[in-house]
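Listed below, chain by chain, are the residues.
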Amino acid sequence: MRAVSRGLDRIDATFDDPNLVANAGLLLVATLVQRLGLEALINDRVRLEGRVGGARPGRKVLTMVHTLVAGHSHIDHVDVLRAGATEAVLGHRVMAPSTVGTFLRSFTFGHIRQFDAVIAETIRRVWALGAGPGGDRLVIDIDSTITEVHGKAKQGASYGYTRVLGYHPLLATRADTGEVLHVRTRKGSANTQRGAKRFVEELIARVRRAGATGEVVVRADSGFYAAKTITALGALNVRYSITIPQNQGVKTAIAGIAEDAWVDIVYPDGGAAQVGECRYKNRRLVVRRTRLTGRQQQQLWPDWRHHAFVTDLKIDKVDADVFHRHHAVVELNIRDLKEGAGLEHVPSGHFHANAAWICCAVLAHNLIRWTATLGATDDQDSGRLVVARTIRTQLLAVPGRLVNRGGTPTLRLPTNWPWADTFHRALAALRALPD
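Residues numbered from 1 in each chain as written. Predicted model: local features only at pLDDT ≥ 70, side-chain atom pairs only at ≥ 80, totals over all residues. Heavy atoms only, no water.

Asks: For this particular structure, what's the right way to read the layout of surface pockets?
Replies: Over the atoms, a rolling probe the size of a water molecule traces out where space has been left empty. For the largest pocket, the calculated volume is near 510 Å³. L27, L411, F423, L427 and R431 are, among the 21 residues lining the largest pocket, the residues nearest its centre. Contributions of two or more residues to the lining of the largest pocket are made by α1 (26-36), β15 (408-412) and α15 (420-431). Top contributing element to the lining of the largest pocket by residue count: α15, with five residues. By residue class, the composition of the lining of the largest pocket is 15 nonpolar, five polar and one charged. In this model, the second largest pocket occupies a volume close to 310 Å³. Lining the second largest pocket are 18 residues; nearest its centre among them are F109, R184, T185, R186 and F351. Elements supplying a minimum of two residues to the lining of the second largest pocket: α5 (109-131), β7 (180-184), α6 (196-210) and α12 (351-374). For the lining of the second largest pocket, the per-class residue count stands at eight nonpolar, three polar and seven charged. (1 Å grid on protein atoms, 1.4 Å probe; cavity = no way out; pocket = protein on both sides within 12 Å on 5 of 7 lines; lining within 4 Å. Points joined across faces, edges and corners; volume = space filled by probe spheres on them. Helix = DSSP H or I, 4+ residues; strand = E, 2+ residues; numbered from the N terminus. Nonpolar A, V, L, I, M, F, W, Y, C, P; charged D, E, K, R; others polar.)

Right under this line is the structure:
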């Protein structure tokens, strides 16, 4: 016999409150967007006049960006911003999904370049507000990734080395903050090095214009090792640390390192590691070698395994190895871009529409980072990189009700919200930024 419920079964649900805001913390990001003048900047730089859906691109881009900031990843999810009073905390008109889809399909290669220029100018404006490296060293990690697509009617998508159907964009991220400094969408079959030299040249010009006046160091894996790329970095007065493929010439150079020249470094239990260095094609080659030390492991894998990279950094070889290994942080930033800013897939069948979507994801990712940086949150103060999911949980996804209290629009937020003080501090810091 079923007991009569006096709890959950008695709760009714109605969707009838026009004042509710599902993601009230979007007010923080929208405040930063307003201070940066993003809508006007997009309207000025992305010139889509005469194309279907091209009018007033600023509100359409920001509609997509705020949707991605809120944690959604499909064009249809734009409707989340049209629910309740959400639009009132964004500062721009929210467009319908069909309008957004038409707008994306209006992009051409030239318009993508214009959108890319918007991202560059936004970085310059944010760094001018105090978030830039200034005269300090700027470490940039370059990598490529696969952005997955679903379905066969995806222009430019193909299977690459990962056997995943998608695109193969180039990305450059800032090591200490995780923000994306440059992106270039490429076909899924593109080789890792394709367009790398031009990408690096544009990247360095961008960060210099944005205000990076100190030393710039570029780190990359073996897919980006090329003489022309290294030469371009030298011409731009940029330091580098790039993994080198293990060809026969490299193996011969490594074999020439004297045994007493190897230096032991800390390695997990059950293994040993050493660092040495030599010259290869007139460049400094730093090598880390590792092997297992257990009795059975030594019998199965007795030889050293080598990882080598070329660099022009003027530091000790052990310190150079530690610095180069930190390149792995780029994978965390790419994962955050996918899981935190909606880039786990791209939605359209048009190549340039998907390129525009990727630019929106980059802008959303950076806005989340900049909100934490310029909002002076606790985690950012401590110097730790915080993933978008954490920022969204603590600050952005808080529910609220927009009410009029004595003539003042007021967001009523949950009592005992654990991060209420952080929210207030971030909002005050962002509102104090100059227009």
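What follows picks up the thread again.
Asks: Would you mind going over the sheet that holds strand β14 (residues 400-405) with me for this structure?
Replies: By definition, the strands of a sheet pair up through backbone hydrogen bonds, in either a parallel or an antiparallel sense. Sheet architecture is open: three strands sit in the order β1-β14-β15, paired in antiparallel fashion. Whereas interior strands pair on both sides, the edge strands pair on one side only; in this sheet they are β1 (20-21) and β15. (Pairing = 2+ DSSP bridges.)

Asks: Would you take a moment to explain the packing of α1 against α15 for this structure?
Replies: The description of two packed helices rests on the angle between their axes and on the distance between the axes. Remark: α1 packs on α15, axes separated minimally by 9 Å, with the N-to-C direction vectors making an angle of 10°. In this view, α1 runs roughly parallel relative to α15, as classed from their interaxial angle. Where α1 approaches α15, its residues L27, L28, T31, L32 and R35 are matched on the opposing element by F423, A426, L427, L430 and R431. Residues that form the contact of α1 with α15 fall into these classes: seven nonpolar, one polar and two charged. (Axes fitted to C-alpha atoms, helices over the stretch in contact; angles between N-to-C directions. Parallel < 35°, antiparallel > 145°, perpendicular 65-115°, else oblique. Contact = heavy atoms within 4.5 Å.)

Asks: Explain the pairing of strand β9 (residues 239-243) here, please?
Replies: The two faces of the sheet receive side chains in turn, since in a regular strand these alternate between them. In terms of burial, β9 is largely enclosed, as four of its five residues are buried. For the crossover from strand β8 (residues 216-220) across helix α7 (residues 227-235) to β9, the handedness is right-handed. Examined bridge by bridge, β9 and strand β13 (residues 305-311) share three bridges and lie antiparallel to one another. When the sheet's bridge partners are listed, T243 is paired in β13 with F309. (Buried < 20%, exposed > 50% of the residue type's maximum accessible area, 1.4 Å probe, protein only. Right-handed = clockwise from strand over helix to strand, strands pointing away.)

Asks: I tried to follow the side chain of E121 on my own but got confused; where do I start?
Replies: With respect to the helices, strands and loops of the structure, E121 is situated in helix α5. For E121, a relative accessible area of 13% corresponds to the buried category. A polar contact of 2.9 Å, which involves the side chain of E121, links it to the side chain of R125. What E121 contacts, discounting residues up to four positions off in sequence, is L41 and R45. (Polar contact = N/O pair within 3.5 Å; in protein donor to acceptor, adjacent residues only side chain to side chain.)

Asks: In this structure, what is going on with unusual backbone geometry? I would like to understand it.
Replies: As a rule of thumb, non-glycine residues mostly have phi less than zero, and peptide bonds are mostly trans rather than cis. With a phi close to 60°, N237 is a non-glycine residue in the positive phi region. By the secondary structure assignment, N237 is in the loop between α7 and β9. Despite not being glycine, N282 has its phi angle at roughly 65°, a positive value. Mapped onto the fold, N282 is located in the loop between β11 (271-280) and β12 (283-292). Residue classification places N282 among the exposed residues on the basis of a relative accessible area of 66%.

Asks: Please clarify how the sheet that holds strand β4 (residues 158-159) should be interpreted in this entry.
Replies: As summarised here, the arrangement of the three strands in space is β3-β5-β4, forming an open sheet in which the pairing is antiparallel. Looking at which strands have only one partner, the edges of the open sheet turn out to be β3 (147-148) and β4. Note that β3 and strand β5 (residues 165-167) share two bridges and pair antiparallel. By the bridge assignment for β5, T147 is matched with Y167.

Asks: For this particular structure, what's the right way to read α7?
Replies: For α7, the set of buried residues is T229, I230, A232 and L233. Burial along α7 is one-sided: seen end-on, the buried residues are contained in an arc of 155°. Away from its buried face, by an angle of more than 90 degrees, α7 presents the exposed residues K228 and A235. On its buried side, α7 packs onto α6, β8, β9, β12 and β13. Count one or two residues on from α7 and you reach N237, which has phi positive near 60°. (Arc of directions from axis to C-beta.)

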